[in-house]
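Now for the letters of each chain:
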Amino acid sequence: MIRLLPFVILPALLGCGAPALPAQQPPPPPIRIIPQPASVELLDGHFALDPETVVCFPADAADWELPARYWMSLVLESTGWTPLALPFRDRDRSAPRLNAIYLIPDTTVGPAEGYVLEVRPGWVLVRARTAAGAFYGVQTLRQLFPPGLNGRNSAANTRLAAPACRIADAPRFGYRGMHLDVARHFFPVSFIKRYIDLLAQHKLNTFHWHLTDDQGWRVEIKAYPKLQTVAACRDKTLIGHYNDQPWQFDNKPYCGFYTREEIRDVVEYARQRFVTVIPEIEMPGHSRAALAAYPELGCTGGPYQTLPVWGIADDVFCAGNEQTFVFLEKVLEEVCALFPGPYVHVGGDECPKKRWKSCPKCQARLRGQGLADEHALQSWFIGRIENTLARHGKKLIGWDEILEGGLAPNATVMSWRGTAGGIAAARSGHDAIMTPGSHCYFDHYQGDPETEPLAISGFTSLEKVYGYEPVPAELTPDEARHVLGAQANLWTEYIATPDHAEYMAYPRACALAEVLWTTPERKDWPDFAHRLKTHFLRLDAQGVRYAQTFYNVDPRFYGGRLYLSAADSALDIRYTTDGSEPAPTSALYRGPVALQQNTTLKTRAFDGARPLGATRTVRYLLHKASGKPYTLSGKPVQYTGGEQYGLTNGVTGSIRSWNNWVGLVNQDIDPAIDFGENTPVQSVTVRYADAKSSWIWPPRRVELSVSDDGKNYRTVATRDIDTETRQNNAVETVRFDGLNLHTRFLRLTARTYGVIPAGMDGEGNGAWLFLDEVVVE
Ligand code: ACM
Ligand code: ZN
């Protein structure tokens, strides 16, 4: 333990005689830190960084050299200076020096990863209880200097000053994670390191490395060489979206895996940045690549291929075959030896039980273990693996499906299908990590699908990520303690290159960092948006190719008026309604715009004459129900149509993403529209999506009913729907004509298909029903 007393007087010693900044010194930048610290106090003066600035760290405290070395390499890379790092010992303490950055262990600094940073003319102190805390203090210090400090040679020949200040800070959550899928597409070690370094800069502390899946096995396992030759390769890859039929392939072999040396190198690189690496080895599902190499581990014995398409495969590890466990135990033994962290993630998601149902070995296991069904068999499987991991001193994490059939005794649940899994885990005394698809899937679109690169689907904007609250409101304070934190997932079916991965991750990871680090009282979206503009300069200096969707205009239409907004309120919003591209001379948005007729809006943000982001194009249909309120019996949570009244917002849905659709699972959608007065109605049109590979089915029937009081309805028309698919992935229209009605209330009821039949994708699950605009004329 280091004693600290001498340093209490250090500021007093150093404060006098600190060199004044030269007259030509530009003022230091204002303080704009991401994630927002717990407290920031601005003081007088600046600290000037120069080639003589030294960084002092305790010689006899484990890992304290790491933040010092990190600082040195940052300065070296951006300025070309080679600053000195000086270890100090107890006895050296009587001779503190000027122009120094001191990293000082201090047991009085609260939480383990917290720090107190004091910047004064002449010296900087970073006090922390742990080296990790000192590292985060250094990351904050970095953001006090001009953005050039972050790039290669980008601060050469510049003067670097940081404002004097006192910052006391600590994270809200202990688990602050980002995931990367390297199975669907493989990413080189150089990129993995860059990804980890960017996490660390944002004070994220966990990298979840999704190493195996149906489309590739990416970690070297000495005991099973065919994992490197067969499972690490697929002979072709799908072109375009999974829903585009017929499938087309590139017919090029695609291979890649990390050697043990590379893994160790990455793990050490992460350790130096206080990032824990969690490897994920998928089981029992998402295992087709392993089965391609070792077909005897599947229920049918194969042959199997490493998959060239995405989705969910029926062939999974056989739960009845002892060889499966011999294989997995040896694999996990090697994995546990490579990754020193406390956790191993074993997947557990999306494991169809189809093969197990007809496999004699699986059925014998089920009977032998006295298990009720195949869900219980999966639970038994995961429980057995948990014991294996425990023998290696590791804890098991799985996706929320590991709750089905009973949770393994000490498992941690990663809640991805919404928050229910996390809530159930916390209530049963298990730890949970929140990664709900609604807010934490960075493979979703972050802007208008018309102008964004192809993505899997979904819509998770920067603002939506920022607004995420990881602790579900349903939990009591005691239960909430089991929510360790959250993480964003980056699945790479549609992300083939490092640039694209970075584009999908940033700036959303900046928002995630603030969700996880900053207390809710200190979070503020407009302020974050303001700080982000400075942060973009830091990312620019590092060549990070982040998305520009931050600058896109967000149009909303209700009550017959159009509202336009941009995250950056300093920008001009310009728009056209004649189909032309917005230009610096186009109409400037000054307030809500009344729409009287069908309108094609094109809008874009401008910084003076410079266009930013992408042009947003929206076609508004004006009709008798547009902008009118309605009620629904079932409230959509995930697919809301984008706005409160998504079914009457004048905007129809596109098949490329689901953000303009209202969707419910196995439930009718029945908007009851209030026109506000008795209204003549001749026709009603509604559209539904038919995308069965995405579990989205047509309604069985659509009904129209009317009411004068909003309570008693009378049916006026019905239409049975042919639910057979004519073409995959279609938008279909139902139109009622010649209605001749006069009514105040109109209800359209689309009846859910119900449960997906056997033999179809998602069989046995509730079908989704997706409707878009209810057009009344
Ligand atoms: C998952 O997204 N299948 C965990
Ligand atoms: Zn089997």
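Scroll up for the structure.
Rules and cut-offs
- Residues numbered from 1 in each chain as written.
- Chains lettered and ligands numbered in written order.
- Predicted model: local features only at pLDDT ≥ 70, side-chain atom pairs only at ≥ 80, totals over all residues.
- Heavy atoms only, no water.
- Helix = DSSP H or I, 4+ residues; strand = E, 2+ residues; numbered from the N terminus.
- Phe/Tyr/Trp six-rings, centres within 6.5 Å; stacked < 30°, edge-to-face > 60°.
- Buried < 20%, exposed > 50% of the residue type's maximum accessible area, 1.4 Å probe, protein only.
- Lys NZ or Arg CZ within 6 Å of the ring centre and 35° of its normal.
- Disulfide = S-S within 2.5 Å.
- Core = buried A, V, L, I, M, F, W, Y, C linked by side-chain atoms within 4.5 Å.
- Contact = heavy atoms within 4.5 Å.
- Salt bridge = Lys/Arg side-chain N within 4 Å of Asp/Glu carboxyl O.

Draft legend 1. Structural detail: unusual backbone geometry. Going from Ile34 to Pro35, the amide bond is cis rather than trans, its omega being -5 degrees. Structurally, the position occupied by Pro35 is in the loop between α2 (10-15) and β1 (39-49). Of note, the amide linkage connecting Tyr506 to Pro507 takes the cis form, showing an omega dihedral of 10 degrees. Mapped onto the elements of the fold, Pro507 is located in the loop between α17 (498-505) and α18 (508-517). Positive phi is not limited to glycine here, since Trp695 has a value of about 70 degrees. You can see Trp695 is positioned in the loop between β33 (684-690) and β34 (701-707).

Draft legend 2. Quick peek at the packing of aromatic side chains. Using the criterion set out here, one finds 39 aromatic pairs in the structure. Geometrically, the ring pair formed by Phe187 and Phe191 is tilted, given 5.5 Å between the ring centres and 40 degrees between the ring planes. Both residues of the pair, Phe187 and Phe191, count as buried. Where Trp209 meets Phe339, the ring centres are 6.3 Å apart and the plane angle is 85 degrees; that geometry is what we call edge-to-face. Of the two residues, Trp209 sits in strand β9 (residues 206-210) while Phe339 sits in the loop between α9 (322-338) and β17 (343-347), which places them 130 residues apart along the sequence. Since its relative accessible area comes to 0%, Trp209 is described here as buried. The cationic tip of Lys236 hangs over the ring face of Phe249; the distance from NZ or CZ to the ring centre is 4.2 Å.

Draft legend 3. Broad picture of the state of the cysteines. With the rule as written, the count across this model stands at 1 disulfide. In this model Cys233 forms its disulfide with Cys255; the gap between the sulfur atoms is 2.1 Å. Disulfide Cys233-Cys255: torsion about the S-S bond near 120 degrees, hence right-handed. Remark: Cys255 occurs in strand β15 (residues 254-255) and Cys233 occurs in strand β12 (residues 233-234); sequence separation between them is 22 residues. Since its relative accessible area comes to 44%, Cys255 is described here as partly exposed.

Draft legend 4. Inspection of the nonpolar core at higher detail. Formed by 178 residues in total, the largest nonpolar core has its most connected members in Trp71, Trp209, Trp217, Leu227 and Phe327. Those residues in contact with Trp71, other than ones at most four positions away along the chain, are Leu49, Val55, Ile101, Val138, Leu141, Arg142, Phe145 and Leu149. Counting 28 residues, the second largest nonpolar core, distinct from the first, contains Tyr630, Leu664, Ala717 and Leu741.

Draft legend 5. Highlighting the pattern of salt bridges. Throughout the structure, instances matching the rule amount to 46 salt bridges. With a shortest N-O distance of 3.0 Å, Asp181 and Arg184 are connected by a salt bridge. The class for Arg184 is buried, based on a relative accessible area of 3%. The salt bridge partner of Asp572 is Arg574, with a shortest N-O separation of 3.8 Å.

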